[in-house]
Each structure stands twice: as C-alpha cells, then as structure tokens.
Amino acid sequence: MITEKEKSVIQDLAKRLAELAELPVMEERRKLWYAHNDLKTEQPVIDCSPEGAWREIVPPDTLVSEDPVAREIEWTLRARIYRAETINDDVPAEKRWDCRKRISDTGWTLAGQQAHNAFTNESVHVPTISTVNPFWRTDYRFDETAAEFEPLISDDDIEDDEIPFKLVPPKVIYDEEGSKRDLEIHQELLEDILDVHWCGNTYVAFSWMETYTKLRGYENALYDLYDYPDQMHALLRVLEKGYLDLYQQQLDMGLLEMNNGCQYNGTGGYGYTHDLPDLKPGEKLTFKHLWAYAESQEFVSVSPEMTREFAIDYESRLLSNFGLSAYGCCDNLEKKLPDVLNIPNIRRISVSPWADVASMRDQIGKKAIFSCKPNPSLITNGWDEDLMRSYTTKLMQDGKGTAFEIILKDTHTIQNDPSRFRKWTDLCRACIAKVYG
C-alpha cells in the first residue's frame, strides 16, 4: 500500500522532472540526437551512463518509500533528475514515463532442463538513464562472486545429431493482470504530471554467442569451432529461428514497442531518429519500425573468418528483418569491420576501449555512428585530470570525421565519488571545443 507521504514525495519529484524536460536546452539536446543518429551532424554527442555506480549515486537506503512499486518509481525519478541536473551530459530529460509490461519467457530447454531465459540480464532499460540493475529492491545485492555453471549440452550430447531437434525454443510469458495493476498505480501517481506509457519491450537484442555459451560453456564453444563445426551450425540454426520466433510472438501479442526516441540503444546511445518509418494511426507495428542490436563479444579471440561464419552471417540475417541496427559491445571489431559494415541496415557500431580508433575511423567514416567507449577504469579507479584530458583529446582527434559519440559506461563503481561523472562531462565539453572548435 502506497502511503500519502510516499505519494507526495513521488509527485514532487515528478514535477521537478517535468520542469527539467521542458527546459530549452533539453529540446536542443533532442535535436542533436536526432541529427546525430540520422548521420546529419559532425558535432560529437556525450553520453555518461553510471550503470552499476547508480547504486552509489542514489543509494537504496536514501529512499523514502517502503512500498516496492513506489520504491522503483522514486528511485527512477531521483536518478533521472540527477542525470539532468548534475551529470549534465547530452541526454535530454523527458516527460515520457514508461510503465513496463511484465514480460518474460520460458527459456531454452532440453529434456526438461532450462539453460536460461532468452533475456537473462535482470537489468532494465530505463528511458534517459540507460541500463540499471534493480537497486531499489530491498533484497538486491551486488554479487561480485563467480557462479557455478553446468552446460546444458555436454560433450557427449554434442555428438548426438538429434540434439538440435531436442532443444526447445523459448515462449513468451506475459502477466497481463499484473501489468494492468502496475499501470493503475503509475497512472494514479503520475499521469497528471508525466506522459505515462504502458510500455512493451523496446530493446530487441541478439546476444548471439552469449546464448551459445550458456548452452555449451565458453571453453567448449571455442573448441566446437574446430571439433564440432557442423553440430555447432545445426544448433545455431535452431537459435536463429527460435530468437526470431520469440520476437514475432512479442509482436503478435502487442508486446513490442517503438524505440525511435529516448529508449536505450545497442550498448550505449539512444534511439532518436527520423530514419525509421512513423507508425500511422491504425497501422500495425512491424519489425521494420524498430531498432535491433546484436553482438558476439565472446568471440573477441576468434578470427574474422570464423566470426563471420559462426556469428555475423547469422546476426546479419536476423538484423536485416528490422529497420536499423546497432552492433558490438566490448570486443575490438577493428579487423571484423568489413563484415559488420555489410549488415544491410547498420547504423551504430561500438568502438571498444581496446580498438585502434584511427583505423576504425578510416573504415567506418560516416557510414554509421561511431560509438566510442573510453576505458572506464580511468574514471572508476581515480581521477587524473591531465591524463583524462590528453586521453580524451586523442580519442576525439582520432575519431574526427565520423558521427562521433563518446559513451562512458561499464562504470560498476565510482568509489563513492559521483562528482567524477560531472568532471568527465565537463572535460569532454572542453575537449570538443578544442578539437572541433
């Protein structure tokens, strides 16, 4: 039961977020993102995503609310306000408020055993603050330990030609009644202040080799490339069909949502674009209205030829069903870019901290967004102003001439010094002024 005190706190925070969203600078930032994602500007975009460090910025013990639903709403409001007021990067505050529908799935199963849900990460994608874990939950614990893991498909199983046909793909689970209850609460608290949306899934992702390694184990997956290539392809064909079917189920059930605005995109950045078709009144949503994303960072040590054969060829077919696509995560794609750039609708490419930025610039040019990810350890482990200035300046110099965005992420701690995020944002603005004028 949400108390009057909790309601008052939430509504006061919502009013502040609404005020921030209506500031002229926020409209300027929206226009910048649209031009950036549409490849129509050379002005860099700054995206500072605290991610894991959010638990140090808005600690759960600072929340007023005790009710579980109210705690999530309060936490999210505080985080969105902090980003707009304090971090002050180029991500605009928005009045849009998503009440997420309760969507899960049965997972990939074999002989009654479940490998994992198709969407395994408990983190959620929140408009304007990217990806966060459920820090507001009273039972949430940040687990730094390794977990025991047993592959679903053993070495004996992989030699069984029937195994691919025994692997059961996931089915969508939708809790409609629970979703409706959530909507009623969100509307009662917020609909007179913010634009409340009853929101389905906005994040279409194919974590290709993560899925395979959950079935076989990471070491086994790498050996399979040499020892069991035919069996591996047979399983990958099942995964390809199963994942596309899963999103088709969501589409048919009305559980997919337009993601061409303030929704998190790929492994950093947001979906603002005019280059996806608008959904006209009465028109049915299709895959072509949506961004989608793929990555196979588990193949960081695999050759470009094998990455193409066992990953990108499959991912390209999956992504080609959608309107625009993003690709890549923490892995260095420098030698694999020719194949990534052949993805028909590629629009955003991740440039990892370990990539040769100049080489990536020469290959990508203005064909796609140059999503530059600086090394987060330089911020999370301390703050050396001179080092950060020279490092960031060189990143921008080497990436100049592209649709450049600089995205600070994978910041799982900030050593309880959130001020570094604002320092980083201010430093990036100074480097942009120096490099771009």
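Residues numbered from 1 in each chain as written. Predicted model: local features only at pLDDT ≥ 70, side-chain atom pairs only at ≥ 80, totals over all residues. Heavy atoms only, no water.

Visitor: Any chance you could explain the overall build of the protein chain here in plain terms?
Guide: What the protein chain contains, in helices and strands, is 16 helices and 16 strands. Taken over the C-alpha trace, the protein chain has a radius of gyration of 22 Å; the compact-globule value for 437 residues is 22 Å, and the two agree within 12%. Principal-axis analysis of the C-alpha atoms places the extent of the protein chain at approximately 60 × 55 × 50 Å. Looking at the protein chain residue by residue over its 437 residues, the buried ones come to 56%. Counting contacts in the protein chain only where the partners sit at least 6 residues apart, residues at least 24 apart contribute 75% of the total. Accessible area for the protein chain stands at about 18800 Å²; split by element, carbon and sulfur atoms hold 48% of it. Across the protein chain, 50 positive and 76 negative side-chain charges occur, with their mean positions spaced 6 Å apart. (Helix = DSSP H or I, 4+ residues; strand = E, 2+ residues; numbered from the N terminus. Rg over C-alpha atoms; globule rule 2.2 N^0.38 Å. Buried < 20%, exposed > 50% of the residue type's maximum accessible area, 1.4 Å probe, protein only. Contact = heavy atoms within 4.5 Å. Areas by Shrake-Rupley, 256 points an atom, 1.4 Å probe, with all protein chains shown as cover. Lys, Arg positive; Asp, Glu negative; His and termini not counted. Charge placed at Lys NZ, Arg CZ, Asp CG, Glu CD.)

Visitor: Would you mind showing me how to read unusual backbone geometry here?
Guide: Trans is the prevailing form of peptide bonds, just as negative phi is the prevailing case for residues other than glycine. Although it is not a glycine, Leu39 sits at a positive phi angle of roughly 60 degrees. Following the sequence through the fold, Leu39 ends up in the loop between helix 2 (24–37) and strand 1 (45–48).

Visitor: Can you walk me through the sheet that holds strand 16 (residues 403–408) in this structure?
Guide: Within a sheet, neighbouring strands are paired by backbone hydrogen bonds and run either parallel or antiparallel to one another. In spatial order, the strands read 1-16-15-14-13-12-11; together these 7 strands make up an open sheet with parallel pairing. Each end of this open sheet is capped by a strand with a single partner; those strands are strand 1 and strand 11 (205–207). Averaged over all neighbouring strand pairs, the angle between strand axes comes to 20 degrees, with direction disregarded. Summarising the sheet, strand 12 (residues 291–295) and strand 13 (residues 324–327) pair through 4 bridges and their orientation is parallel. Paired with Tyr293 across the two strands is Ala326, which belongs to strand 13. Contacts from helix 8 (residues 208–216) reach strand 11 and strand 12 within the one sheet, and its direction differs from that of strand 11 by about 50 degrees. (Pairing = 2+ DSSP bridges. Axes fitted to C-alpha atoms, helices over the stretch in contact; angles between N-to-C directions.)

Visitor: Explanation requested: the pairing of strand 1 in the structure shown.
Guide: Put simply, side chains in a regular strand alternate between the two faces of the sheet. Burial of the side chains of strand 1 extends over both faces: Val45 and Asp47 are buried on one face and Ile46 and Cys48 on the other. Judged from the 4 bridges that link them, strand 1 and strand 16 form a sheet pairing that is parallel. What sits directly across from Asp47, in strand 16, is Ile407.

Visitor: What's the story with the environment of Asp275 in this structure? I'm lost.
Guide: Mapped onto the elements, Asp275 comes out in the loop between helix 10 (229–252) and strand 12. Placed 66 residues apart in sequence, Asp275 and Met209 show a C-alpha to C-alpha distance of 29 Å. The residues touching Asp275, leaving out its near neighbours within four places in the chain, are Asp38, Leu324 and Arg347. Within the structure, the side chain of Asp275 is placed 3.0 Å from the side chain of Arg347, a separation counted as a polar contact. (Polar contact = N/O pair within 3.5 Å; in protein donor to acceptor, adjacent residues only side chain to side chain.)

Visitor: Mind showing me how you'd approach the pattern of salt bridges here?
Guide: Pairing of side chains with opposite charge becomes possible as their charged atoms draw close. Evaluation of the coordinates by the stated rule reveals 32 salt bridges. As a salt-bridge pair, Lys394 and Asp398 come within 2.5 Å of each other at their nearest N and O atoms. Of this pair, Lys394 and Asp398 are both found in helix 15 (residues 385–399), 4 residues apart, which corresponds to roughly one turn of the helix. Through salt bridges with shared partners, a single network forms among Arg16, Glu19 and Glu85. (Salt bridge = Lys/Arg side-chain N within 4 Å of Asp/Glu carboxyl O.)

Visitor: In this structure, what is going on with the packing of aromatic side chains? I would like to understand it.
Guide: The description of two aromatic rings rests on the distance between their centres and on the angle between their planes. Tallying each qualifying case throughout the model produces 18 aromatic pairs. Both rings, one in Trp54 and one in Trp75, keep their centres 5.9 Å apart while their planes meet at 75 degrees; by these two values the pair is edge-to-face. Within this pair, whereas Trp54 is found in helix 3 (residues 54–57), its partner Trp75 is found in helix 4 (residues 68–87), the two being separated by 21 residues in sequence. Of the residues examined, Trp54 reaches a relative accessible area of 0% and is grouped as buried. The rings of Trp33, Tyr34, Tyr203, Tyr264, Tyr270, Tyr272 and Tyr293 are connected pair by pair, giving a single aromatic cluster. Stacked on the ring of Trp198, the Lys or Arg Lys101 has its end atom at 4.6 Å from the ring centre. (Phe/Tyr/Trp six-rings, centres within 6.5 Å; stacked < 30°, edge-to-face > 60°. Lys NZ or Arg CZ within 6 Å of the ring centre and 35° of its normal.)

Read these as spatial facts, not as claims about activity.
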